[in-house]
Amino acid sequence: MSAVVRSAFATHAPAQEVKVALLGLGTVGSAVLDRLQQWQAQEFKHPLRIVHVANSRHAARVDVDVCPLTVAQQVRAGQSNGIRTLQGSPSISAADLDAVESSLGATGLRLIIDATASDIVAARQAQWLERGIHVVTACKLGQGAGLQRFEALQRARELGSTQYGDSATVGAGLPVIRSIRELREGGDRITRIAGVLSGSLAWLFNQYDGMRPFSGWVREAGAKGYTEPDPRDDLSGEDVRRKILILARSAGVALASEAVQVQSLVPESLRELPANIAIEQLDALDAPLKQAFAQAYRQGEVLRHLAVLERDSNGQWQAQVGLQSLPPSHPLAGGAGTDNRIAIWSDRYCEQPLVIQGPGAGAQVTAAGLLDDALRVAKLYA
Ligand SMILES: NC(=O)c1ccc[n+]([C@@H]2O[C@H](COP(=O)([O-])OP(=O)(O)OC[C@H]3O[C@@H](n4cnc5c(N)ncnc54)[C@H](OP(=O)(O)O)[C@@H]3O)[C@@H](O)[C@H]2O)c1
């Protein structure tokens, strides 16, 4: 996809400059800046200009002749002239978010890249769209939290003057949400979606062979950076809840957050413990998972962590997140590493689903997805 965008830029007059505020300088935000730096080294022409960078504590303007990476380093360190400590730090205030808007000025093409996991930032996205600022996001809390917030974003998008880039929210830029939308635009009705939507859980169940304790694999996944620092954040299934909500809502199913039934893999005994103690006691996972593995194995099947959206016997939409035992021939049983795999059934794909598979996690692909969306905005409004 980016190759198509790239050739379009290579052969046309320079596009109008897009002023960009980058919120979040963690793993993904840093990868966005690295990719922009690589583009510069490769002399790849693009119209994106970072004018503002911020983390949860500090913010700074990026002048035209200054490298955004340098400013980002100063923001992270909280030192140097021109670095502003956020008023609401460590939890951001409304004034801080107003300042992000001001940093983009009142005219021209303006875009915010949300590379945070901040609920406060997500709650502001609809307002930014209404005020003529495009938003590109990796954060699932805009479309994957409460239905009211999703509907506010939909209304703001339908005003039609701004774009909301969300391809990095599910599958880290894989063309999943886009494919669902394009099927609907072609008159198709989506009838079912099922997917392995968590890179870390995909890896865990691709590795787990019932021999070595599951907790050992969880520790190894943590050491490789596949899980969150507190692995309960992955094992709880809550992140996958948000992803299936985003896919359902993109398919035109206005599902409430509570309508998704999530089977947490975290044993009751670990749920309330401080993170460091829970990590020490991870072997509480081992017996129940060994039992589930053995049951699947006896049937010649494999365990996979799935999210499924489908109609129940009364025709009502419902979604479930949890472990399922699948025959090896099932479209979601294969794959490798941290791959995401998503199967979409629709009017046209009624017997064999459309299956999209590929790296669905990781800072590099997520940053690439964010920047693809940003370039799409630039191209639309050039
Ligand atoms: N990592 C992946 O592979 C991946 C894949 C797909 C989607 N995502 C999504 O991408 C987002 C970022 O993930 P990440 O892995 O980069 O997380 P991270 O390393 O924890 O970084 C989050 C960044 O957001 C900053 N932040 C928090 N609140 C903020 C605010 N109000 N204003 C400005 N900055 C704020 C944090 O600031 P401090 O440094 O001050 O705490 C930090 O710099 C998340 O929503 C995640 O779910 C990540």
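Everything numeric here is computed off the predicted structure, so don't read it as measured data. (Residues numbered from 1 in each chain as written. Predicted model: local features only at pLDDT ≥ 70, side-chain atom pairs only at ≥ 80, totals over all residues. Heavy atoms only, no water.)

### Some words on the site of the ligand
Then comes step 1: The local shell around the ligand holds 22 residues, among which Val28, Ser56, Arg57, Thr116 and Gly362 are the closest.
Then comes step 2: In this structure, Val28 approaches the ligand through a main-chain N or O atom, which is 2.8 Å from an oxygen atom.
Then comes step 3: A distance of 2.9 Å separates an oxygen atom of the ligand from a polar atom in the backbone of Gly362.
Then comes step 4: In isolation the ligand offers 910 Å² of accessible surface; the protein chains occlude 73% of this area.
Then comes step 5: Mapped onto the shell around the ligand, the elements with two or more residues apiece are α2 (27-41) and α15 (363-380).
Then comes step 6: Here the residues of the shell around the ligand sort into 11 nonpolar, 9 polar and 2 charged. (Near = heavy atom within 4 Å. Polar contact = N/O pair within 3.5 Å; in protein donor to acceptor, adjacent residues only side chain to side chain. Areas by Shrake-Rupley, 256 points an atom, 1.4 Å probe, with all protein chains shown as cover. Helix = DSSP H or I, 4+ residues; strand = E, 2+ residues; numbered from the N terminus. Nonpolar A, V, L, I, M, F, W, Y, C, P; charged D, E, K, R; others polar.)

### Re the layout of surface pockets
Then comes step 1: Space inside the second largest pocket adds up to approximately 660 Å³.
Then comes step 2: Together, 24 residues line the second largest pocket, and Arg157, Gln163, Tyr164, Arg181 and Glu185 are the ones closest to its centre.
Then comes step 3: Of all the elements in the fold, those that place two or more residues in the lining of the second largest pocket are α6 (147-158), β7 (164-165), α7 (177-185), α11 (238-250) and α15.
Then comes step 4: It is α7 that provides the largest number of residues to the lining of the second largest pocket, a total of 6 residues.
Then comes step 5: Classifying every residue of the lining of the second largest pocket by side-chain character gives 5 nonpolar, 8 polar and 11 charged.
Then comes step 6: Residue assignment places the lining of the second largest pocket across two domains, with domain 1 (2-174 + 364-380) and domain 2 (178-359) each supplying three or more. (1 Å grid on protein atoms, 1.4 Å probe; cavity = no way out; pocket = protein on both sides within 12 Å on 5 of 7 lines; lining within 4 Å. Points joined across faces, edges and corners; volume = space filled by probe spheres on them. Domains from an automatic or database assignment.)

### Here's the deal with unusual backbone geometry
Then comes step 1: If you check the backbone angles, Glu43 has positive phi at about 55° while not being a glycine.
Then comes step 2: Considering the arrangement of structural elements, one finds Glu43 in the loop between α2 and β2 (48-54).
Then comes step 3: Looking at Glu43, the relative accessible area reads 63%, which means it is exposed. (Buried < 20%, exposed > 50% of the residue type's maximum accessible area, 1.4 Å probe, protein only.)

### Structural notes on helix α9 (residues 214-223)
Then comes step 1: Buried residues of α9: Phe214, Ser215, Gly216, Trp217, Val218 and Ala221, and no others.
Then comes step 2: Among the structural elements, α8 (199-207), α10 (232-235) and α14 (286-298) are those in contact with the buried residues of α9.
Then comes step 3: With its phi angle positive at about 80°, Gly225 sits one or two positions after the end of α9. (Contact = heavy atoms within 4.5 Å.)

### Quick look at the sheet that holds strand β4 (residues 83-85)
Then comes step 1: Read from one edge to the other, the open sheet built from 7 strands follows the order β4-β3-β2-β1-β5-β6-β7, with strand pairing classed as mixed. Strands with a single pairing partner mark the edges of an open sheet, and in this sheet they are β4 and β7.
Then comes step 2: Across 3 bridges, the pairing between β2 and strand β3 (residues 58-61) is antiparallel. Each bridged residue has a counterpart across the sheet, and for Val53 the counterpart in β3 is Ala60. (Pairing = 2+ DSSP bridges.)

### With respect to the sheet that holds strand β10 (residues 302-311)
To summarise the sheet geometry, strands pair through backbone hydrogen bonds and adopt either a parallel or an antiparallel arrangement.
Then comes step 1: The strand order β9-β11-β10-β8-β12-β13 describes an open sheet built from 6 strands, whose pairing is mixed. Edge positions in the sheet fall to β9 (260-262) and β13 (354-359), since each of these pairs with one other strand and no more. Taking each pair of neighbouring strands and ignoring which way they run, the sheet shows an average axis angle of 20°. (Axes fitted to C-alpha atoms, helices over the stretch in contact; angles between N-to-C directions.)

### Here's the deal with the confidence of the model for the protein
Then comes step 1: Here the protein shows a mean pLDDT of 92. Residues at 70 or above account for 94%.
Then comes step 2: Counting interchain partners and residues more than four positions distant, the pLDDT-below-50 stretch residues 1-13 has 15 contacts. (pLDDT = per-residue confidence, 0-100.)

### With respect to the nonpolar core
Then comes step 1: Among the nonpolar cores identified, the biggest contains 36 residues, and Leu22 and Leu48 are the most heavily contacted of them.
Then comes step 2: Secondary-structure elements contributing two or more residues to this core are β1 (18-23), α2, β2, α3 (68-77), β5 (109-114) and α15.
Then comes step 3: The leading source of residues in this core is α15, at 8 residues.
Then comes step 4: Once you skip the residues sitting within four places of it in the chain, Leu48 turns out to touch Val18, Val20, Leu36, Trp39, Leu371, Ala374 and Leu375.
Then comes step 5: Judged by nonpolar contacts, the second largest core, of 26 residues, contains Leu247, Val253, Leu255 and Ile344. (Core = buried A, V, L, I, M, F, W, Y, C linked by side-chain atoms within 4.5 Å.)

### Some remarks on the packing of helix α5 (residues 119-130) against α6
Helix-helix packing is described using two parameters, namely the angle between the two axes and the distance between the axes.
Then comes step 1: It is at 8 Å that the axes of α5 and α6 come closest, and there the two elements cross at 25°. One way to sum up the angle between α5 and α6 is to call them roughly parallel. Between α5 and α6 lies a crossing whose hand is left-handed. Contacts from Asp119, Ala122, Ala123, Gln125, Ala126, Leu129 and Glu130 of α5 reach α6 at Arg149, Ala152, Leu153, Ala156 and Arg157.
Then comes step 2: The class makeup of the residues in the contact of α5 with α6 is 7 nonpolar, 1 polar and 4 charged. (Parallel < 35°, antiparallel > 145°, perpendicular 65-115°, else oblique. Left-handed = near helix turned anticlockwise from the far one by under 90°.)

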